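Understanding the architecture of this molecule
What follows is the residue order along each chain.
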Amino acid sequence: IGYPPNSLIFYIPLALLPYKVAQGVFLLLSALSIFGIVSLLFKIIKDSKRIRGISLFLAFSLIVFSFPTRFTLGMGQSNLIALLLLMLSFYLYRNTKVVISGLLLGLAIVMKPLLVFMLLFFLLNKAWKVIGSAVLVGIGFIVPTLLIFGTDIYVYYFTELVPHLLNVVGRETYYNQGIMGFISRLTDSLILRKFLASLLSPFFVLGTCLVIMKRKTAQELQFGLLLSILVLVDTLAWQHHFVFLLFPFILCAIVIIKKKLLHLFVLLVFSYILVSTNIKNPSSLSQFPYSLVLSHTFYGAAVLLAIQFFLGFRIKVKQK
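Small disclaimer: the values here were computed from a predicted structure and weren't measured.

With that settled, the discussion passes to the overall build of the chain. A tally of helices and strands in the chain yields 15 helices and zero strands. For 320 residues, the compact-globule formula gives about 20 Å, and the C-alpha radius of gyration of the chain, at 20 Å, lands near that figure. A principal-axis box enclosing the C-alpha atoms of the chain has dimensions of 60 × 50 × 40 Å. When burial is assessed residue by residue, the chain has 49% of its 320 residues classed as buried. A fraction of 73% describes how many contacts in the chain between residues 6 or more apart in sequence connect residues 24 or more apart. Surface exposure of the chain reaches about 16,100 Å², of which carbon and sulfur atoms provide 72%. Across the chain, 27 positive and 7 negative side-chain charges occur, with their mean positions spaced 19 Å apart.

Here is the structure:
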């Protein structure tokens, strides 16, 4: 289990149930989260009332048919539940309910520690109360595990599990679709993999933050950009992590349709296809240059990121 001990507190109620029942309950919660995510996305994104109805059904259908969503459900991952908590946090923050927003943000991070990256959004917007509330939630989950298990379990996590997560060996596996996965398919050199990833990942993060601050990008686009960067810089960006792109996909679709930017819409559809596709027999493409095809999700996420940068520079998205 690649999660810290405090994250497992969420699953204590499920541990009281028979295994198959617990499995069914968790799967049902994940599936229902999709409805909540789609509804929230259309509430968050401005002027969405004009294109509701069939758009809601279409968005839900495209999400369900996407491989990252099916992979999340099939693997019993917590991505969808954590994303729903994150979306609720963002929605409440936009409606000035900062304390509750912070509490939900903290829960999302505890459930999916990878989402700690999204604190960047609140740092860039100087939302100190949200950050403070999130930190208190994190502490509230850590203290009980320390009292029950002591510090040894955390020492083991940070000395044994975390270094493994940062290891560059085996990152060329097909299901890893971030920058590290892409680089690892280009070279067998572990030194070169580490160097290029250490160079490119900070470049993407810092570059995006600078653009956000300089251009005073609308908060919806800020959030979408950071979610896109998150899945790209993660050293273990499994395909199921790309469900976090639901927000930027729907945001871009709505803005593009409203502005009638048909050329961008074609590009967005191409990006969706690349992200949502799965190759059933990736081993047949393991040799270079055919292995480049295996990075299709990475290419799709990169195209989506480029679309968002274009919208940020050329289209003014009104803030509330």
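Moving on from the model shown.
Centre-to-centre distance and the angle between the planes together describe a pair of aromatic rings. Counted by the stated rule, this structure contains 20 aromatic pairs. Considering the side-chain rings of Tyr174 and Tyr175, the 5.2 Å spacing of their centres and the 55 degrees angle between planes classify their relative orientation as tilted. The class for Tyr174 is buried, based on a relative accessible area of 5%. For Tyr175, a relative accessible area of 30% corresponds to the partly exposed category. Considering the side-chain rings of Phe203 and Phe204, the 6.1 Å spacing of their centres and the 85 degrees angle between planes classify their relative orientation as edge-to-face.

At Thr96, a position not held by glycine, the phi torsion is positive, near 65 degrees. You will see that Lys260, though not glycine, has its phi angle at about 55 degrees, which is positive. Topologically, Lys260 is positioned in the loop between α13 (246-259) and α14 (262-276). What makes Lys260 exposed here is its relative accessible area of 70%.

What counts, and where the lines are drawn
Residues numbered from 1 in each chain as written. Predicted model: local features only at pLDDT ≥ 70, side-chain atom pairs only at ≥ 80, totals over all residues. Heavy atoms only, no water. Helix = DSSP H or I, 4+ residues; strand = E, 2+ residues; numbered from the N terminus. Rg over C-alpha atoms; globule rule 2.2 N^0.38 Å. Buried < 20%, exposed > 50% of the residue type's maximum accessible area, 1.4 Å probe, protein only. Contact = heavy atoms within 4.5 Å. Areas by Shrake-Rupley, 256 points an atom, 1.4 Å probe, with all protein chains shown as cover. Lys, Arg positive; Asp, Glu negative; His and termini not counted. Charge placed at Lys NZ, Arg CZ, Asp CG, Glu CD. Phe/Tyr/Trp six-rings, centres within 6.5 Å; stacked < 30°, edge-to-face > 60°.

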